[in-house]
Amino acid sequence: MTHYLEQIRLDGKVALVSGAARGLGAEIAEALLQAGASVMLTDVLDTLGAETAQRLAGTYGDRAAFQRHDVTREEDWVAAIAATVECFGGLDILVNNAGIETAALVAECELAEFQRTMAINVDGVFLGIKHALRVMRPGGASGRGGSIINLSSVAGLIGMPSLTAYCTAKGAVRLMTKATAVESAKLGYGVRINSVHPAIIKTDMGANVVNNLVRVGLAPDAASADAFVESLHPLGYGQPRDVASAVLYLASPASGWMTGAELVLDGGASAC
């Protein structure tokens, strides 16, 4: 008999969550900790990241730790994963959460802005997958397989005005997920790779979406922009817990037959 409630547990598992100092990353880290995992929180915001890890350690003890980590630097990925393996004895779950949003009308978007969006949102995911696979696959420093969850976006599925750079990056994450998932399965690595596609979530980044509509001239004021954005979601705005719950599912044995899939969390936005 399958004990279904146990399928969502992560006791004895080890996770790394990038961009975990605040917002979705911090919520995801707490969800994984609640399910029994040990979690390395990483971020370029080292002071805030350390404070978040310390706060979580107050509840979950030494299962929460922090490592400074710039996801665009390959040497930082090597160091963050090595620190995770050394601290907790392995790596079973990687959540590629770190990302930025660039809002600009395409005719006004600076090349440097576009390239920075690609570096963090695409290069960072590539490097995370690359180095996680090296330690998760048979013969690696951890060597027991695992689950990689990439934070894409509903903007990786449909186009949105003023978000050309962001849509391009998140679309790349979607297909990178599928390509690496198939490759990992064919090579027998025992690593599943899936993507999550949230719409607008009530975080600092979500607030930026609203404010940027005004800044680029697509809405007259913040109240109008907020009403417009909320109207795009039949179920209203999402909350960080909605995304954290989906990540928890993909990290757990409950999703053991899922790889290369895209899990859409958009309150019905893409169904309209």
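Per an unreviewed UniProt entry, the recorded name for the protein chain is Putative oxidoreductase, and the organism is Metapseudomonas resinovorans NBRC 106553.

S.K.: Can you break down the overall build of the protein chain residue by residue, with the values?
M.R.: From N to C terminus, the protein chain includes eight helices and seven strands. Over its C-alpha atoms the protein chain spans a radius of gyration of 18 Å, differing by no more than 12% from the 19 Å that the globule rule assigns to 272 residues. Across the 272 residues in the protein chain, those meeting the buried criterion constitute 51%. For the protein chain, the accessible surface area stands at approximately 12,300 Å², while carbon and sulfur atoms represent 55% of it.

S.K.: How would you summarise the nonpolar core if you had to cite specific residues and measurements?
M.R.: Counting 33 residues, the largest nonpolar core has L16, I81, L91, M136 and I148 as the members making the most contacts within it. Contributions of two or more residues to this core are made by β1 (14-18), α3 (74-88), α4 (111-136), α5 (164-186) and β6 (191-198). By residue number, the principal contributor to this core is α4, which donates ten residues. Residues contacting M136, with those up to four places away along its chain left out, are L91, D92, I93, L94, G143, R144, G145, G146, S147, I148, Y189 and V191.

S.K.: Explain the pattern of salt bridges to me, and be specific about the residues and the numbers.
M.R.: For the structure shown, the criterion picks out nine salt bridges. Beyond isolated ion pairs, a larger network of salt bridges with shared partners links R73, E75 and D76.

S.K.: Kindly report on the pairing of strand β2 (residues 38-43), identifying the contributing residues and their values.
M.R.: Taken across its six residues, β2 has six buried, putting it largely inside the fold. With burial as the criterion, each face of β2 is covered, one bearing S38, M40 and T42 and the other bearing V39, L41 and D43. In this fold, β1 hands off to helix α1 (residues 23-34), which returns the chain to β2; that crossover is right-handed. Two elements, β2 and strand β3 (residues 64-68), share five bridges in a ladder whose sense is parallel. What sits directly across from V39, in β3, is A64. This β-α-β element, β2 to helix α2 (residues 46-60) to β3, shows right-handed connectivity.

S.K.: Please set out the sheet that holds β2 residue by residue, giving values where relevant.
M.R.: Strand pairing in a sheet takes place through backbone hydrogen bonds and is either antiparallel or parallel in direction. Taking strand neighbours across the sheet as the criterion, the seven strands line up as β3-β2-β1-β4-β5-β6-β7 in an open arrangement whose pairing is parallel. Of all strands in the sheet, those with a lone pairing partner are β3 and β7 (262-265), marking the two edges. Direction aside, the axes of adjacent strands within the sheet are offset by 20 degrees on average. Across four bridges, the pairing between β6 and β7 is parallel. Within β7, the position partnered with P198 by the bridge is L265. Running over the sheet, α4 touches β4 (93-96), β5 (146-151) and β6 and is turned about 175 degrees from β4. α5 rests against β5, β6 and β7 of the sheet, and its axis sits at about 160 degrees to β6.

S.K.: Talk me through α3; I want residue IDs and the actual numbers.
M.R.: Between its terminal C-alpha atoms α3 stretches 21 Å, which fits the 21 Å expected from 15 residues at 1.5 Å a residue. Looking only at α3, the buried set comprises D76, W77, A80, I81, A83, T84, V85 and F88. Among the structural elements, β1, β2, β3, β4 and α4 are those in contact with the buried residues of α3. Downstream of α3 by a residue or two, G89 has a phi angle that is positive, lying close to 90 degrees.

What counts, and at which threshold
Residues numbered from 1 in each chain as written. Predicted model: local features only at pLDDT ≥ 70, side-chain atom pairs only at ≥ 80, totals over all residues. Heavy atoms only, no water. Helix = DSSP H or I, 4+ residues; strand = E, 2+ residues; numbered from the N terminus. Rg over C-alpha atoms; globule rule 2.2 N^0.38 Å. Buried < 20%, exposed > 50% of the residue type's maximum accessible area, 1.4 Å probe, protein only. Areas by Shrake-Rupley, 256 points an atom, 1.4 Å probe, with all protein chains shown as cover. Core = buried A, V, L, I, M, F, W, Y, C linked by side-chain atoms within 4.5 Å. Contact = heavy atoms within 4.5 Å. Salt bridge = Lys/Arg side-chain N within 4 Å of Asp/Glu carboxyl O. Right-handed = clockwise from strand over helix to strand, strands pointing away. Pairing = 2+ DSSP bridges. Axes fitted to C-alpha atoms, helices over the stretch in contact; angles between N-to-C directions. Expected span 1.5 Å × (residues − 1).

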